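Chain residues, written in single-letter form:
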Amino acid sequence: MANSPTETRFFESFDGTQLAWRELGAGRPVVLLHGYFSNAFTNWIRYGHAAAIADRGFRVIMPDLRGHGESATPHDAAAYPPDALGKDAMALIAHLGLTDYDLGGYSLGARTVVRMLVALGAAPRRVVVAGMGLSGLTDTGARSGHFRHILTNLGSFERGSPEWLSEAFLKTTKGDPVALLGVLDTFVDTPRAAIAAIMQPTLVLAGDEDNDNGSHAELAALLPNGEAASVPGGHMSAVTRPELGQAMAGFLAA
């Protein structure tokens, strides 16, 4: 098995915001970006996905996104310009001096990965886009509106509803609602033509009951070198399944 993750490390991003990251394993670098309301530990370490990838000979690099986890959670709206999360990840790649690497993300992390590819000059060898479908990239307003409703009406949702479940998850990760509202302002729609121009081999991976961000099969079909795959579960439960990390590890190691 891979060694334990490193202690949290910090760096200053493009605008001076302090961001955190952790690493696991040694070998070819792969940068993994977590989902909304989550953090690197919850998304990648807790359920063994980072270890599964590290065991295949990878140095797994896992930042906490701006507004999440141990990274800074500023309340100033100016801290959340369009594509800020992608710029943060590019700043980490530059900070670590990575020139030959792989790149993956789940949900918000996957949307960020696509923005890095189409708008910010990221040039990974292989790409994993997990927990994301086509409409979640081309129409970000639908998803951001859903979360804005949750964050501005906390404590009002019926037990067991999707909104209640999201709020319960927010509590487990100790998320900052003000900062997370700011993160929604960073979203940028990506045109179909830009997605169709992504040439890297890309695994488009989602739970077989996950339709939160549209069709992942439709997204894979649009990508010139896209490959669709499913794991058990919905949008939130798929992250807890070992099949997710196993599928990512197998694709990256191919």
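Predicted model, so just to flag it, every value in this text is computed and none were measured.

1. Section: the overall build of the chain
Summing up its helical and strand segments, the chain has eleven helices and eight strands in all. The C-alpha atoms of the chain give 17 Å as radius of gyration, which agrees with the globular expectation for 254 residues (18 Å, within 12%). Seen through its C-alpha atoms, the chain measures out along the principal axes to roughly 45 × 35 × 35 Å. Buried residues in the chain amount to 52% of all 254 residues. Sequence-distant contacts, at least 24 apart, represent 74% of the contacts inside the chain between residues at least 6 apart. Surface accessibility of the chain: about 10200 Å² in total, with carbon and sulfur atoms responsible for 51%. Positive and negative side-chain charges of the chain, numbering 19 and 26 respectively, have mean locations separated by a distance of 3 Å.

2. Some remarks on helix H3 (residues 84–95)
A rise of 1.5 Å per residue sets the reference length of H3, with its twelve residues, at 16 Å; its end C-alpha atoms lie 16 Å apart and thus fit the reference within 8%. Listed in full, the buried residues belonging to H3 are Ala84, Leu85, Gly86, Asp88, Ala89, Ala91, Leu92 and Ile93. On its buried face, H3 is in contact with strand E1 (9–12), strand E2 (18–24), strand E3 (28–33), strand E4 (58–63), helix H4 (108–119) and helix H8 (177–184).

3. A word on the pairing of E2
Within E2, five of the seven residues are buried, which leaves it mostly tucked inside the rest of the structure. One ladder, built from four bridges, connects E1 with E2; its direction is antiparallel. If you follow Arg9 over to E2, its bridge partner there is Trp21. Linking E1 to E2, which pair antiparallel, is a turn of five residues; within it Gly16 sits at a positive phi near 90°. Examined bridge by bridge, E2 and E4 share four bridges and lie antiparallel to one another. Following the sheet pairing, Arg22 is matched in E4 by Met62.

Conventions used here
Residues numbered from 1 in each chain as written. Predicted model: local features only at pLDDT ≥ 70, side-chain atom pairs only at ≥ 80, totals over all residues. Heavy atoms only, no water. Helix = DSSP H or I, 4+ residues; strand = E, 2+ residues; numbered from the N terminus. Rg over C-alpha atoms; globule rule 2.2 N^0.38 Å. Buried < 20%, exposed > 50% of the residue type's maximum accessible area, 1.4 Å probe, protein only. Contact = heavy atoms within 4.5 Å. Areas by Shrake-Rupley, 256 points an atom, 1.4 Å probe, with all protein chains shown as cover. Lys, Arg positive; Asp, Glu negative; His and termini not counted. Charge placed at Lys NZ, Arg CZ, Asp CG, Glu CD. Expected span 1.5 Å × (residues − 1). Pairing = 2+ DSSP bridges.

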